[in-house]
Every structure is written in structure tokens, then in C-alpha cells.
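# Structure at a glance
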Amino acid sequence: MLGKEQKSNKLPPFKPTHGLRQGDPLSPYLFILCMEKLSIAINNAVLQGNWEPIRMSSTSPHISHILFSDDVLLFTKAKNSQFRFIKDLFDRFNQASGLKINLSKSRGVYSSGIPHQKIAKLTSTAALDKYLGFLILKGRPKRSDFYFIIEKMQTGMASWKNRLLNKPGRLALASSVLSSIPAYYMQINWLPQSICDNIDHATYNFIWRGPNDKGIHLVGWNKIARPKHLGGLDIRSAQDANICLLGKLVWDLVQNNISFG
């Protein structure tokens with residue numbers, strides 16, 4: 001009797017027809033479950049040989065996809081067969097989960113060896129210029145690729161120059177604000193020496209200039225960039241900051257703290 005009573009209390013099967021409201025605490029968990037299923041499907045396709053991942057070098061691991069927040073980065077060979085397989089996989093994923101790719105918000109990037117005619121034939125999406133604020137560079141980076149960093153610093157300084165700032169105030173802004181602008185881009189990019197020199201020069205001028213952009217440089221940059229216990233102002237040079245940030249990334253890769261799908 002107890003078994004029959006428990007069986008009668010079970011809810012009948014149902015089919016969901018509506019999603020969750022925006023901001024619902026359960027929404028990100030359901031999204032993660034769906035994306036985990038997509039990641040498993042891509043990994044299975046790689047193991048079966050249907051998906052051809054890429055390698056950055058002969059000794060680097062294969063990369064097929066990277067999931068970050070609500071973004072999906074796919075890596076594969078530039079072949080028509082690969083695009084057809086990916087389209088079929090995502091069509092099946094759409095039918096199962098209800099999640100569909102927004103092509104208007106999707107971007108593509110190709111290696112420098114792919115002909116433009118093939119790129120135009122493979123996809124109609126726009127080119128990927130930046131991702132999370134980072135430049136997507138092809139080939140050896142040039143100085144002109146990083147001029148926007150100097151422009152950002154100059155824009156920030158232009159908003160302060162009419163204020164009556166004394167030297168300690170300018171030093172505080174230089175060490176906290178100006179130094180943080182290029183730091184974000186230094187995490188994955190090796191900046192050319194000329195760009196690092198321009199960054200140091202802009203910081204150096206801002207510290208010593210007056211409210212009217214006039215002032216005398218009383219101490220050289222080599223002394224300013226020293227730690228305070230060595231008589232400096234504890235402002236790190238741009239090249240030293242770039243080396244430290246890239247060194248941290250390399251250390252994480254060597255220690256396997258960064259995983260690829």
C-alpha cells in the first residue's frame with residue numbers, strides 16, 4: 001500500500017514552455033549546465049576526429065574552445081567541412097537547449113596565412129578587432145597598434161590640467177590612475193620599447209608640470225622610478241611593469257593554473 005501511495009503522489013511529466021525572468025538567481029546555474037553540455041559535445045567531437053582544433057605551436061596543447069562568462073570562443077581549421085560540422089552541432093544544441101547564436105554579435109578572426117577570398121567564402125561575420133578590450137593582432141605588433149594607450153593617458157591628463165594640483169596630488173594620480181591605464185593591456189601584449197618610453201615620458205611630464213603645463217623637471221626619471229627606500233617615488237617604469245605582468249601569465253601557464261577546453 002505504501003508503494004502504491006508513493007507512486008500516486010509523483011508528479012506527471014511536463015514540458016517547460018517559459019524561461020526564467022531576467023535576474024533570477026537560478027538563471028546562471030541553468031546557463032552553466034547548458035554550456036557544460038556544449039563543452040562535452042565539442043570535446044567528444046574532437047576525440048572522434050570530427051572537430052579539428054588548433055595549436056599555437058608544435059608543443060602547445062590543442063585548443064578547440066574557451067568558455068568565458070557568457071562568451072564562447074571556437075578554434076578550428078579554416079575548412080568548409082569544419083564550418084558545416086560546427087553549424088550542425090550548434091543546430092542540434094539549439095534544438096535541445098533553446099539557445100541560439102546571435103550572428104549579428106558574432107565575430108571571426110583568421111590567421112595571417114588564410115587568403116581573403118577564402119575568408120569571404122567561409123563566413124559573412126565581421127572581423128574580430130578586440131576582445132574584452134584586448135587587441136586581436138595578426139603577425140608582429142607595430143607601434144601604431146598601441147598608440148591608443150597614449151591617447152587614453154593624454155585624455156585623462158587633459159581632464160585634470162585645469163585643476164589646481166600640487167606635486168603630491170599629481171604624484172598620487174600618476175601612481176594610481178595613469179599607471180593603471182596601460183597595465184590592463186600589458187597583461188598579454190609585449191609593448192614596443194618606444195611605447196613604453198612614451199608612457200614613462202607622459203607620466204614624468206605630468207608629475208613635474210604646473211597647472212599651465214609648464215614646469216621644471218627637478219629629478220631625472222631614473223631616480224623617480226626607484227623604490228622609496230632607495231630615494232625614489234616608487235613609480236614603476238612601463239617596461240618593468242610589462243615584464244612582471246607577462247611573467248605572471250607565463251608562470252600560470254607553466255604551473256597549469258590556466259586550462260583550455
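Values in this document were obtained by computation on a predicted structure and should not be read as measured data. (Residues numbered from 1 in each chain as written. Predicted model: local features only at pLDDT ≥ 70, side-chain atom pairs only at ≥ 80, totals over all residues. Heavy atoms only, no water.)

Moving on, we come to the nonpolar core. With 25 residues, the main nonpolar core has Ile149, Leu178, Leu191, Ile199 and Ile224 as its most contacted residues. Where this core is concerned, the elements lending two or more residues are helix H5 (147-158), helix H6 (167-178), helix H8 (193-208), helix H9 (221-224) and helix H10 (238-254). The biggest single contributor to this core is H8, with 8 residues. Counting residues in hydrophobic clusters, the runner-up holds 10 residues, among them Met35, Trp51, Phe85 and Phe93. (Core = buried A, V, L, I, M, F, W, Y, C linked by side-chain atoms within 4.5 Å. Buried < 20%, exposed > 50% of the residue type's maximum accessible area, 1.4 Å probe, protein only. Helix = DSSP H or I, 4+ residues; strand = E, 2+ residues; numbered from the N terminus.)

As paired strands, strand E1 (residues 65-68) and strand E2 (residues 71-74) are joined by 4 bridges and run antiparallel to one another. Paired with Leu67 across the bridge in E2 is Val72. Connecting the antiparallel pair E1 and E2 is a turn made up of 2 residues, with Ser69 showing a positive phi of about 55°. (Pairing = 2+ DSSP bridges.)

Here we take up the pattern of salt bridges. Tallying each qualifying case throughout the model produces 4 salt bridges. Between Lys79 and Glu52 there is a salt bridge, with its nearest N and O atoms 3.1 Å apart. Here Glu52 lies in the loop between helix H2 (27-47) and E1 and Lys79 lies in the loop between E2 and helix H3 (80-97), a separation of 27 residues in the sequence. Notably, a salt bridge pairs Arg92 with Asp88, separated by 3.1 Å at the nearest N-O pair. In this pair, Arg92 and Asp88 both sit in helix H3, 4 residues apart, roughly one turn of the helix. One network of salt bridges, in which partners are shared, links Glu52, Lys77 and Lys79. (Salt bridge = Lys/Arg side-chain N within 4 Å of Asp/Glu carboxyl O.)

So, on to the side chain of Asp200. Mapped onto the fold, Asp200 is located in helix H8. Put simply, Asp200 is tucked away with no salt bridge, and the nearest opposite charge, on Arg236, sits 10 Å away. Within the structure, Asp200 has its side chain in polar contact with the backbone nitrogen of Ala238 (distance 2.9 Å). Setting aside anything within four residues of it in sequence, one finds Asp200 in contact with Trp221, Ser237 and Ala238. (Lys, Arg positive; Asp, Glu negative; His and termini not counted. Polar contact = N/O pair within 3.5 Å; in protein donor to acceptor, adjacent residues only side chain to side chain. Contact = heavy atoms within 4.5 Å.)

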